[in-house]
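Listed below, chain by chain, are the residues.
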Amino acid sequence: MARIFLTGATGYVGGDVLYRLQQSTLVNLHLSCLVRDPHKAQNLSEIYPNVELVQGGLDDSDLLEEQAGKADVVLNLAATGHAGAASAIAKGLQQRETPGHWIQIGGASLFAAAEIAQNRYGQPSQEIHDDVADTDKIIRTIQSNPKRVVENNLISQPAHVRTALLVIPLIYGTGRGPVNQRSIQAPEIARSTLHLGHGFRLGAGQNAWSNIHIHDLSDQVLALAEAAINQRKGLWNENGIYCLENGNMPFGKLCNLIAAEAYSQGLITGTGIKEEIDAEKANSMSGHAAVLWGTNAVINSSRSHAQLGWSPTAPDLSSEIATIVKSEAASKKGIT
Ligand SMILES: NC(=O)c1ccc[n+]([C@@H]2O[C@H](COP(=O)([O-])OP(=O)(O)OC[C@H]3O[C@@H](n4cnc5c(N)ncnc54)[C@H](OP(=O)(O)O)[C@@H]3O)[C@@H](O)[C@H]2O)c1
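Residues numbered from 1 in each chain as written. Predicted model: local features only at pLDDT ≥ 70, side-chain atom pairs only at ≥ 80, totals over all residues. Heavy atoms only, no water.

A packed helix pair is summarised by two numbers, namely the angle formed by the two axes and the spacing between the axes. One can describe the packing of helix α1 (residues 12-23) onto helix α9 (residues 214-229) by two numbers: an axis separation of 9 Å at closest approach and a directional angle of 60°. By the angle between their directions, the pair α1 and α9 is classed as oblique. As α1 packs across α9, the resulting crossing turns out to be right-handed. Of the residues in α9, those in contact with Tyr12, Val13, Asp16, Val17, Arg20 and Leu21 of α1 are Ile214, His215, Leu217, Ser218, Asp219, Val221 and Leu222. Classifying every residue of the contact of α1 with α9 by side-chain character gives 8 nonpolar, 2 polar and 3 charged. (Axes fitted to C-alpha atoms, helices over the stretch in contact; angles between N-to-C directions. Helix = DSSP H or I, 4+ residues; strand = E, 2+ residues; numbered from the N terminus. Parallel < 35°, antiparallel > 145°, perpendicular 65-115°, else oblique. Left-handed = near helix turned anticlockwise from the far one by under 90°. Contact = heavy atoms within 4.5 Å. Nonpolar A, V, L, I, M, F, W, Y, C, P; charged D, E, K, R; others polar.)

It is worth spelling out the pairing of strand β7 (residues 161-168) at this point. Side chains on a regular strand alternate between the two faces of the sheet. For β7, a buried count of 8 out of 8 residues is recorded, marking the element as mostly surrounded by other parts of the structure. A two-sided burial pattern is seen for β7, the buried positions comprising Val161, Thr163, Leu165 and Val167 on one face and Arg162, Ala164, Leu166 and Ile168 on the other. One ladder, built from 8 bridges, connects strand β5 (residues 100-107) with β7; its direction is parallel. Directly across from Gly100, in β7, lies its bridge partner Val161. Both β7 and strand β11 (residues 241-243) contribute to a ladder of 3 bridges, which runs parallel. When the sheet's bridge partners are listed, Val167 is paired in β11 with Cys243. (Buried < 20%, exposed > 50% of the residue type's maximum accessible area, 1.4 Å probe, protein only. Pairing = 2+ DSSP bridges.)

Turning to helix α10 (residues 251-264), a few remarks are in order. Given a rise of 1.5 Å per residue, 14 residues ought to cover 20 Å, and the 20 Å separating the end C-alpha atoms of α10 matches this to within 8%. If you check which residues of α10 are buried, you get Phe251, Gly252, Leu254, Cys255, Ile258, Ala259, Glu261 and Ala262. (Expected span 1.5 Å × (residues − 1).)

So, on to the sheet that holds β7. By way of backbone hydrogen bonds, the strands of a sheet pair with one another, either parallel or antiparallel. Judged by pairing direction, the sheet is parallel, and its 7 strands sit side by side in the order β3-β2-β1-β4-β5-β7-β11 without closing on themselves. This sheet does not close on itself; its edge strands, each paired only once, are β3 (52-55) and β11. Going across the sheet, the axis of each strand differs from the next one's by a mean of 20°, ignoring polarity. In terms of strand pairing, strand β4 (residues 73-76) meets β5 through 4 bridges, oriented parallel. Residue pairing in the sheet places Val73 in a bridge with His101 of β5. Of the strands in this sheet, β1 (2-7), β2 (29-35), β4 and β5 are in contact with α1, which crosses β1 at around 155°.

Below, the discussion takes up the pattern of salt bridges. On inspection of all chains with the given rule, the structure shows 13 salt bridges. With a shortest N-O distance of 3.0 Å, Glu188 and Arg191 are connected by a salt bridge. Taken together, the residues span about one helical turn, with Glu188 and Arg191 both in helix α8 (residues 185-196) at a distance of 3 residues. The partly exposed category is assigned to Arg191, whose relative accessible area is 30%. Close ionic contact of Lys281 with Glu275 constitutes a salt bridge, the shortest N to O distance being 2.8 Å. (Salt bridge = Lys/Arg side-chain N within 4 Å of Asp/Glu carboxyl O.)

All we've got here are geometric facts, nothing functional implied.
Here it is as C-alpha cells:
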C-alpha cells in the first residue's frame, strides 16, 4: 500500500489537494495528514473518516521526521518557508531504504528578489521563467538567495530523495477543502477595493504574475503524486522544478477588472482606478501586499504539459472575477 503524508490539509492549497486525492482513482492508498488544531481535526475526520490524522505542527520535528520516513510521498503544502519542517522531512526521507518523494510548495515571489531589494513596485518586466528551458537558471536563482532556505534544502537532496518543487503563482478559484477555501492575492484586492470604496492599483500596475486555478493546481499535484507512486523516473530533483500556471495578468488590469465588477454589482460608486497607492500603503492594507501585488513573476508551465500530460480545464482568472468580488462582499457583510 502506498503512503502519502500531507501537510496543510486545513488550508486552501492542501485542502483542495486532499479533496482531489480523495476523488482520484488511486487505490490502495494510505493517506495521513498533519493537523495541529483539534477542532479542525474533528471536522476533517467527519468528512474523511479514512484519512489518518497526525496531531501536531510543523515545529514538531521528530514527528515530521518519523512520518516522512514512513511515507512514499510527502506533500508539504502547509508552508513555503518553514525551514525546520523541511529539514525534518528531508531527514526522514533520507533514512528510507527505498526512494521516497518530497513534493514541496514554493512561491513565485522567488523571482521577485531584485525588485524587493530595490523597493521597485508596479513596474513591467520582460522576464519569463520557463520550467524546462530555464531549469538551470531557476536553480541558480534559488542558490543565489540564502533566504530561500526550504528551496535550497530541497534542491540539495541526494538522488534517493526524489524531489519536486512546485513554483506557485497567484492562485484563484474557490477551494474544495474542509476549512479555508479562500486564496490571498485577488481576494485581498477585492476586499481592499470594497473597503476603500473605489478602484486602486499599486504604482503603475504594469507588473504581472502568472496565475492558476486551484483545481488545475490540484490536478497537477495529483499527477505528480501518481507518478511518484508508480515510481516514474526523470521527473525529480534536477528535472523536478514545476512552474504551475494557466496565463498571466498585469496587476493594474486585475485591479481594474475588480473595480469594474464591484461597480457593476453596485458595491462601489464609480468604476475604474481612482487611486494609485504606494508600497507602504499596500502593506498597511494587506499582509506583504507590496510583494504580492507589486512585483513580477511570469512563469511557463512546460514540464507538466510535456511530462505529466496535464492541461488546464478550469475557468481563467477573468471569468472568476465576479465570484471573487461577490464572495468578498458577502464576507464583508458577515455572510459566509
Ligand atoms: N494561496 C496562494 O495564492 C498561494 C500562492 C503561492 C504560495 N502560497 C503559499 O503556500 C502555502 C500554503 O498556502 P495556503 O493558501 O494553503 O495557506 P492557508 O490557507 O493559510 O493554509 C495553511 C495550512 O498550513 C497549516 N499550517 C500553517 N502553519 C502550520 C504549523 N506551524 N503547523 C501545522 N500546520 C500549519 C495551516 O493549519 P491551520 O489550519 O491550523 O492554520 C493550514 O492547514 C503558504 O506558505 C502560502 O504563502 C499560497
